[in-house]
Amino acid sequence: FTQDEQKIKVLSTVREKETSLEKYIYLISLQDRNETLFYRLVIDEIEELMPIIYTPTVGNACQQYGQIFRRPRGLYIPCNSKGFIYNILSNWPHKDVDVIVVTDGERILGLGDLGADGMGIPIGKLTLYTVCAGIDPAKTLPITIDVGTNNDELLSDPLYIGLRNKRIRGNDYDELIDEFMQATAKKFPKALIQFEDFANQNASRLLEKYRNSYCIFNDDIQGTGSVTLAGILSALRILNQSLEDQRILFYGAGSAAFGIAETIVKKMMALGMDINDARRRISFIDSRGLVVKDRANLNEKKRLYAHDMKKETNLIGIIDSLKPSIIIGVSGKPGTFCEPLLRKLAELNERPIIFALSNPTSKSECTAYEAYSWTDGKAIFASGSPFDPVSWKNTTFYPGQGNNAYIFPGIGLGIIVSRALYVTDEMFIAAAETLADFVTESDLKKGRLYPPLTKIRDISCKIA
């Protein structure tokens, strides 16, 4: 059979599967037995299949990883291998590695601690490096650092693939990561390392610790910041407004939220704004309510955005007081953008910008239909996971998906080609501006803040 004929056969088989998880299992088995055909299929049918090989289906796959496990992909580095990490890396059959995606499985999407079962994320991300940016899959390496799990359900599951101990913390954890970084730099000196789905207490800390010594970035912080900024820039074209005039409210105060905020601040500064003025236009809500200056025990990140305001825990009250033009959900708490909240935003703004970015779909702060219907079609909406088009009265909206796959493959390709020594924040600003430039006036009229996925290889090339 020709490859065209083979593609017809496997595509029809995928479409016959009843559930997204069954489709995922079939595609992963195809990737194992015929990698070339797998990539041909996914590249040609990217809009249909990206939600299967990555979010939201990959989250369900990680939750079921022990049940669907067929054969290993990538490397597992257990915490009881201190002193031998270089030896483990040396077992990898390919000596020339360009990109490594590594996780410790503690914060998989919005699903929490999945331990070693989180390996589906590095595998999926590296698949997208090939699909979206043409990077040779033989030069990619998925890694899970298995430091245990605090998920009791997994620890009691006989099919769990990881170590059966609680997570190591403190010096033991830091020494393991230090050895991993040193061993990786020695074994694969040209490789870009992407940190993925580390928990809040480690994500920002490890990024700051290593970013000036190794070629690394954290996709949850910097990639999410870049793709969100691109969506905001597109939304402001609809409104014909400037970024400096916006008032932005974050619902959620984890590492992704601060990554987005800092990316927005850097863009505001590039437009001539003072850093303190930029930060004053951004506020945060965490589990204790509005982040304000006189609250005790604020961490370093929250202090940067803690303003001189009265304490408030009621979400509608906060919105009434701050009057944000943009609200960004990064909480992992579904349904928190309720009808009264969205109606209040529509009352305060002619066209409120509403980003419900939590992944997977089950964790989204609101659905696309809720955003459009509860604002009487006023919302400019984007989400972290895909939603179908929404018909409201006489208009059909095509909600944008703030998918990091628009950003990190192009960043990676540029770094590989240029052999950049470090990954800078300016790269992510450039990527956001490039992505926003691909959004056409026709896209904006449909409510689409991101270009179609069919353009993603051109986007990655331009970003690179």
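The structure under discussion appears in the preceding block.
The structure displayed is predicted, hence computed values, not measured ones.

Peer 1: I tried to follow the overall build of the protein chain on my own but got confused; where do I start?
Peer 2: Of the regular secondary structure elements, the protein chain holds 22 helices and 14 strands. The C-alpha atoms of the protein chain give a radius of gyration of 22 Å, which matches the 23 Å a tight globule of 464 residues would have. Oriented by its inertia axes, the alpha-carbon framework of the protein chain measures out at about 60 × 55 × 45 Å. Here the protein chain holds 464 residues, and the buried ones make up 59% of them. Contacts in the protein chain between residues far apart in sequence, at least 24 positions, make up 72% of those at least 6 positions apart. If you sum the accessible surface of the protein chain, you get close to 19,000 Å²; carbon and sulfur atoms cover 48% of it. When the 55 basic and 57 acidic side-chain charges of the protein chain are each reduced to a single mean position, those positions are 1 Å apart.

Peer 1: Explanation requested: helix H2 (residues 20-33) in the structure shown.
Peer 2: The α-helix winds at 3.6 residues per turn, so residues separated by three or four positions along the chain end up facing the same way. In this model, H2 (14 residues) spans 20 Å end to end at C-alpha, consistent with the 20 Å of a helix rising 1.5 Å per residue. Those residues of H2 that are buried are in contact with helix H1 (3-16), helix H3 (35-44), helix H4 (46-53), helix H5 (57-63), helix H6 (65-68) and helix H8 (120-133).

Peer 1: Quick question: what am I supposed to make of H4 here?
Peer 2: Among the eight residues in H4, six count as buried, and that is most of the element. Buried residues along H4 sit against H1, H2, H3, H5, H8 and helix H22 (456-463).

Peer 1: What's the story with the pairing of strand S10 (residues 353-356) in this structure? I'm lost.
Peer 2: In the case of a regular strand, side chains alternate between the two sheet surfaces. Neither face of S10 is left uncovered, since the one carrying Ile353 and Phe355 and the one carrying Ile354 and Ala356 both have all their residues buried. As paired strands, strand S9 (residues 326-329) and S10 are joined by four bridges and run parallel to one another. Bridge pairing in S10 links Gly329 to Ala356. Once the chain exits S9 it traverses helix H17 (residues 339-348) before rejoining the sheet at S10, and the crossover so formed is right-handed. Crossover S10 to strand S11 (residues 380-383) through helix H18 (residues 368-373) is right-handed.

Peer 1: Help me out: how do you make sense of the environment of Thr396 in this one?
Peer 2: Along the chain, the position of Thr396 falls in strand S13 (residues 395-397). A C-alpha to C-alpha distance of 43 Å links Thr396 and Ala420, two positions 24 residues apart in sequence. Setting aside its immediate chain neighbours within four residues, Thr396 contacts Pro389, Val390, Ser391 and Lys446. Only 3.4 Å separates the side chain of Thr396 from the side chain of Ser391, close enough to count as a polar contact.

Peer 1: Before we go on, may I ask you to explain the nonpolar core in this structure?
Peer 2: What tends to happen in soluble globular proteins is that the nonpolar side chains get buried as a cluster. The biggest cluster of nonpolar side chains holds 98 residues, and the ones touching the most others in it are Phe250, Ile264, Phe284 and Ile328. Top element by residues in this core is helix H12 (residues 219-239). It accounts for eight residues. The contacts of Ile328, once residues within four sequence positions are left out, are Thr228, Ile232, Ile248, Leu249, Phe250, Tyr251, Ile260, Ile264, Phe337, Phe355 and Leu357. Listed in part, the 33 residues of the second largest apolar core include Trp92, Val102, Ile145 and Met181.

Peer 1: Even after reading the chapter, I still don't get the environment of Gly377, so can you show me in this structure?
Peer 2: Structurally, Gly377 is set in the loop between H18 and S11. Spatially, the C-alpha atom of Gly377 lies 28 Å from that of Leu290, the residues being 87 residues apart in sequence. Excluding its chain neighbours within four sequence positions, the residues that come into contact with Gly377 are Tyr372, Trp392 and Phe397.

Peer 1: For this particular structure, what's the right way to read the side chain of Lys187?
Peer 2: Its location among the elements puts Lys187 in helix H10 (residues 170-187). Although Lys187 is buried, it makes no salt bridge; Asp96 carries the closest opposite charge, 11 Å away. Sequence-distant contacts of Lys187, that is, excluding residues within four places in its chain, are made with Tyr86, Leu89, Ser90 and Lys95.

Peer 1: Teacher, can you tell me more about empty space enclosed by the protein here?
Peer 2: In this approach, a probe sized like a water molecule rolls over the atoms, and the result shows the empty space that is left. Enumeration over the complete set of coordinates arrives at three cavities of 30 Å³ or more. There is about 180 Å³ of room inside the largest cavity. Together, 13 residues line the largest cavity, and Ile28, Tyr65, Ile68, Arg70 and Arg71 are the ones closest to its centre. Elements with a contribution of two residues or more to the lining of the largest cavity: H2 and H6. With five residues, the single largest contributor to the lining of the largest cavity is H2.

Peer 1: Quick question: what am I supposed to make of the pairing of strand S6 (residues 248-251) here?
Peer 2: Alternating residues of S6 divide into Ile248 and Phe250 and Leu249 and Tyr251, and every residue in both groups is buried. By the bridge criterion, four bridges tie S6 to strand S7 (residues 282-286) in an arrangement that is parallel. Looking at the pairing, Phe250 lines up with Phe284 of S7. Bridge count for S6 against S9 is four bridges, and the pairing is parallel. The residue of S9 that forms the bridge with Leu249 is Ile327.

Definitions and limits used
- Residues numbered from 1 in each chain as written.
- Predicted model: local features only at pLDDT ≥ 70, side-chain atom pairs only at ≥ 80, totals over all residues.
- Heavy atoms only, no water.
- Helix = DSSP H or I, 4+ residues; strand = E, 2+ residues; numbered from the N terminus.
- Rg over C-alpha atoms; globule rule 2.2 N^0.38 Å.
- Buried < 20%, exposed > 50% of the residue type's maximum accessible area, 1.4 Å probe, protein only.
- Contact = heavy atoms within 4.5 Å.
- Areas by Shrake-Rupley, 256 points an atom, 1.4 Å probe, with all protein chains shown as cover.
- Lys, Arg positive; Asp, Glu negative; His and termini not counted.
- Charge placed at Lys NZ, Arg CZ, Asp CG, Glu CD.
- Expected span 1.5 Å × (residues − 1).
- Pairing = 2+ DSSP bridges.
- Right-handed = clockwise from strand over helix to strand, strands pointing away.
- Polar contact = N/O pair within 3.5 Å; in protein donor to acceptor, adjacent residues only side chain to side chain.
- Core = buried A, V, L, I, M, F, W, Y, C linked by side-chain atoms within 4.5 Å.
- Salt bridge = Lys/Arg side-chain N within 4 Å of Asp/Glu carboxyl O.
- 1 Å grid on protein atoms, 1.4 Å probe; cavity = no way out; pocket = protein on both sides within 12 Å on 5 of 7 lines; lining within 4 Å.
- Points joined across faces, edges and corners; volume = space filled by probe spheres on them.

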